[in-house]
Every structure is written in C-alpha cells, then in structure tokens.
Number of protein chains: 2
Amino acid sequence: MSTQTVSPIASATIFTPQQLLTHWQGHRGLTRKMIEAFPDDKLFTYSIGGMRPFSELVYEFLGMAVPGLNGIATGKWQKWADAEKVNTKAELLALWDEATAQINDIWPTIPAHRFQEQDVAFGQWPGTGISFIFYFIDNEIHHRGQAYVYLRSLGIEPPAFWDRP
Amino acid sequence: MSTQTVSPIASATIFTPQQLLTHWQGHRGLTRKMIEAFPDDKLFTYSIGGMRPFSELVYEFLGMAVPGLNGIATGKWQKWADAEKVNTKAELLALWDEATAQINDIWPTIPAHRFQEQDVAFGQWPGTGISFIFYFIDNEIHHRGQAYVYLRSLGIEPPAFWDRP
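Reading the values: the criteria
Residues numbered from 1 in each chain as written. Chains lettered and ligands numbered in written order. Predicted model: local features only at pLDDT ≥ 70, side-chain atom pairs only at ≥ 80, totals over all residues. Heavy atoms only, no water. Helix = DSSP H or I, 4+ residues; strand = E, 2+ residues; numbered from the N terminus. Rg over C-alpha atoms; globule rule 2.2 N^0.38 Å. Buried < 20%, exposed > 50% of the residue type's maximum accessible area, 1.4 Å probe, protein only. Contact = heavy atoms within 4.5 Å. Areas by Shrake-Rupley, 256 points an atom, 1.4 Å probe, with all protein chains shown as cover. Lys, Arg positive; Asp, Glu negative; His and termini not counted. Charge placed at Lys NZ, Arg CZ, Asp CG, Glu CD. Polar contact = N/O pair within 3.5 Å; in protein donor to acceptor, adjacent residues only side chain to side chain. UniProt positions renumbered as here; feature names shortened; annotations may be inferred. Salt bridge = Lys/Arg side-chain N within 4 Å of Asp/Glu carboxyl O. Phe/Tyr/Trp six-rings, centres within 6.5 Å; stacked < 30°, edge-to-face > 60°. Lys NZ or Arg CZ within 6 Å of the ring centre and 35° of its normal.

Engineer: Now, about the overall build of chain A: what can you tell me, with residues and values included?
Structural biologist: In terms of helices and strands, chain A carries 5 helices and 2 strands. Start at the N end of chain A and walk to the C end: the helices and strands fall as α-α-α-α-β-β-α. Here the C-alpha atoms of chain A give a radius of gyration of 17 Å, agreeing with the 15 Å that 2.2 N^0.38 yields for 165 residues. With respect to the three principal axes, the spread of C-alpha positions in chain A is 50 × 35 × 30 Å. Residues classed as buried in chain A amount to 53% of the 165 residues present. Within chain A, counting contacts between residues at least 6 apart in sequence, those at least 24 apart form 72% of the total. Roughly 6900 Å² of accessible area belongs to chain A as shown, and the carbon and sulfur atoms make up 54% of that amount. Side chains of chain A carry 13 positive and 17 negative charges; the gap between the two charge centres is 3 Å.

In structure tokens form, the structure reads like this:
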C-alpha cells in the first residue's frame, strides 16, 4: 500500500467512542437476532465442513467482549477463554444480554489514551486498544457470516444484515 | 442500549483516517487471498443454500468501494451497481488490485468534515460518511465469512482470518 498524507485535523472527527459503542452494539443486536433465528437444537449441533456450531462461535464472542473490554479499560488481562457453556438458547441469550449491559457499563470507564495505547491482549496478542475492539467486532461479523450460511442451508431466512437495532 | 457520558477528549484519539485506511486495506488484502484460494471454476459457480457464488459477492464489494469513496469524497454519487462481470480469476484479481490503488488515491482527498456529514449514499441510503465506510468494510467481512464456509465445504483450508497484509 502506498503512503498518504492526511490532515491531522481529520483525526478529530472520524469516529467518537460513543459512535463506536453504538456501532458495536448494533452488530451485537444483529448477532442476538441470529441466535434467536436458529432452531434450538441446530444452534448447538449444526455445522458445515467441520466448522464449529454457531453456539461455539458465540462462546468465543462472549469470551472476547467483556473480558477484553475489562483489559482495555484497566490494563489487567485475564487468561483467554471462551465463555461458559450452556445448554439452551434461552441461557445463551441471557449470557448475551448480560454482556450487552456490562459492555455499556465498562465503556465510559475506558481512559481516552487507552484506545491508541499499545498493550498485549489476554497476555498473548500485541496491539492497541482500538485494534482489539475492532478485532472483537470483525471476528463477530466474520463468524456470524458463517452462521448465515448455516441458516440458509437449513432453509431458514436469516435476519437482514443491514437491519441493526 | 443505555446512554453513556464519554469525555469529548476521547473523540480525538480513537482512530485516525490513516489507521482506518490501513484497517480496510488489511481486510481487502485478506479478501484477495480468499479470491486466490478458490478453484477457478468454483469462484464463479459454487454456492450453498441458494446464496451467491463468491465472485458475485466480490462484484458487490467492488461496486461499493471506489464508487462509494468517490461519493464520500465529492458528494456526487453514481447509481448503485455491482462491478462489471469478468470470466476468470486473473481478471477478478486485476479488478481488485485496480480498486486497491484507487482507494489509496481517493482516500487523502476526502475532506475531514465528510466523515461525520450526513449524505445519501448512491442517492438511496442515508447516513454519515463514516457509516458508509464501515458498511463497505463490514459487508465485505460478512460475505467473506460466508465464502469461508464455501471453501471449508470444498475441503479447502482458507487463509487465517487474523492474518491481514
């Protein structure tokens, strides 16, 4: 990629923390609709090509979101792990909603300098706070896209990608 | 979602235009590796659950990227359309590389105020410049995730999601 010169003024206006939170929670709302759209059993069992069932992907999203934000906010990281396993869609949705509230609570406690500060996520992955947050969001979009194929192959119409709460 | 109070100071440090360009081009580099990973015929024909082949999704990414950035940079929007159709992987990669260079050229011409300014993308979709750019990126991640399932179901190992050029 070639290098560009960009006015430093632009860096003040591109995206605010509040907009980024709204963006992420919009995606998380769509992921919640995807969890709801799966038949109860298929959520925990259905896969294509040896990939993980959607429930396993959701455990990964949950393992990143709140523990990751806590690390970004405080600089203290726990060991990386998927979220706890559950047995029903209702329990998975309850975990999801709990994380949604916790993300909203932690977000305003993130010190401004932490977005651009270098750290090592979960003691393993180097990057800036903002790079970690985009990894959480992008990873969720990526694996949720996979789940869209699961639903389509089951003959189920998934929620519209662009319709985010 | 509950509302939060976030320090206005934080808005200056969250993400610079240069970082966002690098982030997007990193994702586009991964999408390029996905195009390369498909067998030549499967790129244009393979699908699951009635969804589009990966080539059709790539036409959509290309239809958004350069025409969309031109709209954001200038305020002048063309009519929405997928990119031109091609017949070979080599031609599709050539279109991709052309768009990569054009994105790098257009990016520094985007006036700073356009990131937060309301507009109507392609004369159809209301939002801010930054919301359009994230739609382009997120849509690419979403449909590329779909293509990961196509490859896995063909018994092909896709490039690692986290390994972005």
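Next comes the rest of the account.
Engineer: How would you explain the environment of Arg164 of chain B if you had to name every residue and give the values?
Structural biologist: Relative to the helices and strands, Arg164 of chain B is located in the segment after helix H5 (129-153). C-alpha separation for the pair Arg164 of chain B and Leu20 of chain B, spaced 144 residues apart in sequence, amounts to 14 Å. Aside from chain neighbours lying at most four places away, what touches Arg164 of chain B is Tyr135 and Asp138 of chain A together with Gly26, His27 and Leu30 of chain B. Polar contacts involving the side chain of Arg164 of chain B include one to the main-chain carbonyl oxygen of Phe161 of chain B, which spans 3.1 Å.

Engineer: Could you give an account of the UniProt feature "binding site: a divalent metal cation" (unreviewed entry) in chain A, with specific residues and numbers?
Structural biologist: All names here are of chain A. When the UniProt feature table is mapped to this numbering, "binding site: a divalent metal cation" (unreviewed entry) covers His143. Mapped onto the secondary structure, His143 falls in helix H5 (residues 129-153). Classification of His143 by relative accessible area gives buried; the value is 9%. Contacts of His143, omitting those with residues within four sequence positions, involve Arg52, Leu57, Glu60 and Phe61.

Engineer: Before we move on, could you go through the side chain of Arg28 of chain B and cite the residues and values that matter?
Structural biologist: All names here are of chain B. Looking at the secondary structure, you find Arg28 in helix H1 (residues 17-37). An unpaired buried charge is present at Arg28: no salt bridge exists, and Glu140, the closest side chain of opposite charge, is 4.5 Å distant. At a separation of 3.0 Å, a polar atom in the side chain of Arg28 contacts the side chain of Gln25. In this structure, Arg28 is in contact with Leu62, Trp96, Ala99, Thr100, Ile103 and Glu140, ignoring residues within four places of it in sequence.

Engineer: Could you give an account of the packing of aromatic side chains, with specific residues and numbers?
Structural biologist: For the coordinates displayed, the defined rule picks out 25 aromatic pairs over all chains. Taken together, a centroid distance of 6.0 Å and an interplanar angle of 55 degrees make the contact between Trp107 of chain A and Phe115 of chain A tilted. Among the residues examined, Phe115 of chain A registers a relative accessible area of 2% and is labelled buried. Members of the aromatic cluster, each reached through a chain of ring pairs, are Trp77, Trp80, Phe122, Trp125 and Phe132 of chain A. Of note, Arg164 of chain B hangs over the ring of Phe161 of chain B, and the distance from its end group to the ring centre comes to 4.6 Å.

Engineer: I'd like a rundown of the environment of Phe44 of chain A, residues and numbers included.
Structural biologist: Residue and element names in this part refer to chain A. Among the secondary structure elements, Phe44 is positioned in helix H2 (residues 40-45). Sequence separation of Phe44 and Glu56 is 12 residues, and the distance between their C-alpha atoms is 7.5 Å. Once residues lying within four places of it in the same chain are set aside, the contact partners of Phe44 are Pro53, Ser55, Tyr59, Val86, Asn87, Thr88 and Lys89.

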